[in-house]
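Architecture at a glance
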2 protein chains.
Amino acid sequence: MVVKSELKLIKSLHQKKYRNEHGLFLVEGKKAVLELYASPLKAYKIFVLQDQLPPFASEACAVVTDKELRQMSALKTPNGILGVFHIPVSQPLDFKGWTVALDDVQDPGNMGTIIRLCDWFGIPNLLCSLGTVDCYNPKVLQATMGSIARVNLSYGALEEVLPTAGVPIYGTFMEGEVVYGQPLPPQGILVLGNEGKGISAAVARLCNGKLAIPQFGHKTAESLNVATAAAIFLSEIRRKGQGPTQR
Amino acid sequence: MVVKSELKLIKSLHQKKYRNEHGLFLVEGKKAVLELYASPLKAYKIFVLQDQLPPFASEACAVVTDKELRQMSALKTPNGILGVFHIPVSQPLDFKGWTVALDDVQDPGNMGTIIRLCDWFGIPNLLCSLGTVDCYNPKVLQATMGSIARVNLSYGALEEVLPTAGVPIYGTFMEGEVVYGQPLPPQGILVLGNEGKGISAAVARLCNGKLAIPQFGHKTAESLNVATAAAIFLSEIRRKGQGPTQR
C-alpha cells in the first residue's frame, strides 16, 4: 500500500525538474535495481510486487500492487520492481587520465550507451554540457544498466569548464585526422557532439586536435551514430596504451 | 484516398509473415523514404500527406489523409510519409573480403546499427541466422536509415552456411584473444552473438579464432552491447588494413 502523496512523488520523478527538486531518481527492472542497491548509491525506497521480492530483507522495500506499480512506472509494461535512489553528489572533476565530454547529446539511448562504454573502458569522469539529456532520465537508465553508479557525471557549460582542465582537448569531427595513426597523450578530453549538429563552434575552438573515424564503404553511407563512434574512439585510446591497465 | 484492401495490406506489413508473403516492407520518415526511393530498391507505393509531398512527381505517390496514415503507420506519431518497397532478392554470398554473420541477434535497434556499421566500413554482405530479427522490421529500419539498400542481407542456418564459406571464421567471445594484437587475414567472417547468450555452441565449434575486446574499467562493468562491440571489431579489421581502400 502506497500513500497518495508518495505515489505522486514517484510519478513526478519521470520529469527532470522534479528529480532535481527532490534529489531522487527511479530505475526499473530487477537487474538494474539490484545492481544499484548493491552499489554505493543510497536507496530511498524499492517498490516491488509480492511475488518479485528480492533476496534481501530491507526496510527500504515496500510491497505494492500491480495497479500501484503501473501508476509509478515510466514503462508501458512495468516489470515487477522499481527502485528510487538518491541522486549522488557529483565529485569534482580532476581530469586525471582521460575524460569524456558530451556537447548536447540528446538521445537517451546514446547517452546510456556512452555511460556504459565509460564504465567498460575505465573512464572515471563524464562531463556533460547543460544541453545534454539528463542522465537520470528513465530511458538513459534503461540503456546504462548499473554503470550509472560507477561513472562520475557532472553537468556544466563546456566553454567555461574545458579551458580550466589543463589537458589536451580532442574533438571528434567528420573532417578530423584519422584516429588510427594519431599518437595520443596519457591525459586528455574526448569531446563528442550532438547527433545532428556535431560539436558547437564555441567548443570546436577550444579543441587542440580533431579526430575522425575513416569511412570505408559507400560515400553515401550514413554517418556513424555518436554512441558507436564513442566505442571506437575509446577503444583507440586504450589500444594505444593510454589509460588504466587492462584487467 | 486509400481503398480498404490496400490499407489492410499495408498494415499487415507490420508483421514479418505478411512482409514475406507479399514481398513488401514499409519504411517511415522523409529522410529514409527519399533515400530508399533514390536507391536501386523498387518502390511499390509512397503514401504522403498533402503538405509533405516530396520534390519528385511520381506515379508511385499517393496523397493520404492524416487518419489514413495513422492507420497504416507502425509509429505512435506518424511523420507524414510512409514508403512501401519491394523486398530485394538476396544476392548469393561470395565471401570476398570480410563478411559479418549474426547468430540470433534479437534487438531491432542493434540489428539496425550493425547494418549501418557494415555500410560505413564497406562490408558488402551480412549473413543472419534464421533466429535473427527480421531486417525489414520497422524498428530495424528506423535504426539503419538508408543503409539497408547498400548491404546485401541473407538469412540461413549458420551451421550449414559457414562451413561452405572457405574463409577463416572469427567469433567474438568474452574470453577470446585481445583483438588489438591479433593479425587478421584479408578475408574472413566476423560472427557476433545473441545479446544474452552470445554465440551458440554449434557455431562456436566452427570458429577458427576467438576475438575479444579487453575490459579496462571496473570488473563489474556491464558487458559491451553487441552493436558497440561490432563497431570496435569492424574498426579493428579496417585499421589493420584488411579491406577496401579508405575513401
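Read on for a plain summary of the structure. (Residues numbered from 1 in each chain as written. Chains lettered and ligands numbered in written order. Predicted model: local features only at pLDDT ≥ 70, side-chain atom pairs only at ≥ 80, totals over all residues. Heavy atoms only, no water.)

1. Considering the interface of chain A and chain B
What counts, and what does not: Throughout, a contact is declared for two residues whenever any of their heavy atoms are within 4.5 Å. The term buried area refers to how much accessible surface (probe radius 1.4 Å) is lost by two components on association, counted for both of them together. Salt bridge, as applied in this entry: a Lys or Arg side-chain nitrogen positioned within 4 Å of an Asp or Glu carboxyl oxygen. Polar contacts, as used here, are pairs of N or O atoms within 3.5 Å; protein pairs need one atom able to donate a hydrogen and one able to accept it. Residues neighboring in sequence count only if both atoms are side-chain atoms. Secondary structure elements are taken from DSSP: a helix is a run of H or I of four residues or more, a strand is a run of E of two residues or more, and numbering for both begins at the N terminus.
Taken together, the contact pairs 43 residues of chain A with 43 residues of chain B. Surface buried jointly by chain A and chain B totals about 3,900 Å² across both partners, of which 61% is contributed by carbon and sulfur atoms. Taken together, chain A and chain B are joined by two salt bridges. At the boundary of chain A and chain B, one finds twelve residue pairs in polar contact (both at pLDDT 80 or more). Going through the elements one at a time, α3 (30–38), α5 (108–120), β8 (169–178) and α9 (226–239) of chain A are the ones with two or more residues in the side of chain A that touches chain B. With eight residues, the top contributor of residues to the side of chain A that touches chain B is α9 of chain A.

2. With respect to α3 of chain A
Counted only if it meets this: Three exposure classes are used, based on accessible area relative to the maximum for each residue type with a 1.4 Å probe and protein chains only: buried under 20%, partly exposed in between, and exposed over 50%. To be clear, the arc concerns the directions from the helix axis to the C-beta atoms.
Of the residues making up α3 of chain A, those classed as buried are A32, V33, E35 and L36 of chain A. Along α3 of chain A, the residues classed as buried sweep out an arc of 165° about the axis, all on the same side.

3. Concerning the sheet that holds strand β1 (residues 24–28) of chain B
Residues and elements named next belong to chain B. Stated formally: In this analysis, strands are considered paired if DSSP registers two or more bridges between them. For helices, the axis comes from a line fit to the C-alpha atoms of the stretch in contact; other axes are also lines fit to C-alpha atoms, and the angle between any two N-to-C directions lies between 0 and 180 degrees.
Overall, mixed pairing links the four strands, which are arranged β1-β4-β2-β3 in an open sheet. The sheet is open, and its two edges are formed by β1 and β3 (61–64), each paired on a single side. Adjacent strand axes in the sheet meet at a mean angle of 20° when their direction is disregarded. Helix α1 (residues 4–12) contacts β1, β2 (43–49) and β4 (81–86) of the sheet and is inclined by roughly 105° relative to β2. Lying on the sheet, helix α3 (residues 30–38) is in contact with β1, β2 and β4; it crosses β4 at an angle near 30°.

4. As for α5 of chain A
Residue and element names in this part refer to chain A. Here is the rule: A helix is expected to span 1.5 Å multiplied by its residue count minus one.
Here α5 contains 13 residues, and its C-alpha end-to-end distance of 18 Å stays within 8% of the 18 Å for a straight helix at 1.5 Å per residue. Taking burial as the measure, the 13 residues of α5 include twelve buried ones, the bulk of the element. Listing the buried residues of α5 in full gives P108, N110, M111, G112, T113, I114, I115, R116, L117, C118, D119 and W120. Taking the backbone nitrogen of G109 as reference, a side-chain oxygen 3.0 Å away marks D107 as the first, capping residue of α5. At the exit of α5 stands G122, carrying a positive phi of roughly 65°.

5. With respect to the relation of the copies chain A and chain B
Put simply, the rule is: Residues reaching a pLDDT of at least 70 in both copies supply the C-alpha atoms on which the copies are superposed by least squares.
For these two chains of identical sequence, chain A goes onto chain B by a turn of 180° and a shift of 0.0 Å along the axis, with RMSD 0.0 Å. The transformation relating the two chain copies, once decomposed into turn and shift, fits a two-fold axis. Of the residues that chain A buries at the interface, 100% are likewise interface residues in chain B, meaning the two copies contact each other through the same surface.

6. Quick notes on the pattern of salt bridges
Considering all chains together, one arrives at 16 salt bridges over all chains under this definition. In this structure, the salt-bridge partner of R150 of chain A is D119 of chain A, at a minimum N-O distance of 2.9 Å. Remark: D119 of chain A occurs in helix α5 and R150 of chain A occurs in the loop between α6 (138–144) and β7 (152–155); sequence separation between them is 31 residues. Of the residues examined, R150 of chain A reaches a relative accessible area of 17% and is grouped as buried. A salt bridge links R239 of chain B to E236 of chain B; the shortest N-O distance between them is 2.8 Å. Here the residue R239 of chain B and the residue E236 of chain B both occupy positions in helix α9 (residues 226–239), the gap between them amounting to three residues, near one helical turn.

7. Considering the sheet that holds strand β4 (residues 81–86) of chain A
Residue and element names in this part refer to chain A. Reading across the sheet, the four strands line up as β1-β4-β2-β3 and stay open at both edges, with mixed pairing between neighbours. The outermost strands of the open sheet, each flanked by one partner alone, are β1 (24–28) and β3 (61–64). Neighbouring strand axes in the sheet, compared pairwise and without regard to direction, differ in orientation by 20° on average. Pairing geometry for strand β2 (residues 43–49) and β4, over five bridges, is antiparallel. By the bridge assignment for β4, V48 is matched with I81. Along the sheet, helix α1 (residues 4–12) makes contact with β1, β2 and β4, crossing β2 at roughly 105°. This element, α3, spans β1, β2 and β4 of the sheet and lies at about 30° to β4.

Fair warning: the whole summary comes from geometry, so function is off the table for now.
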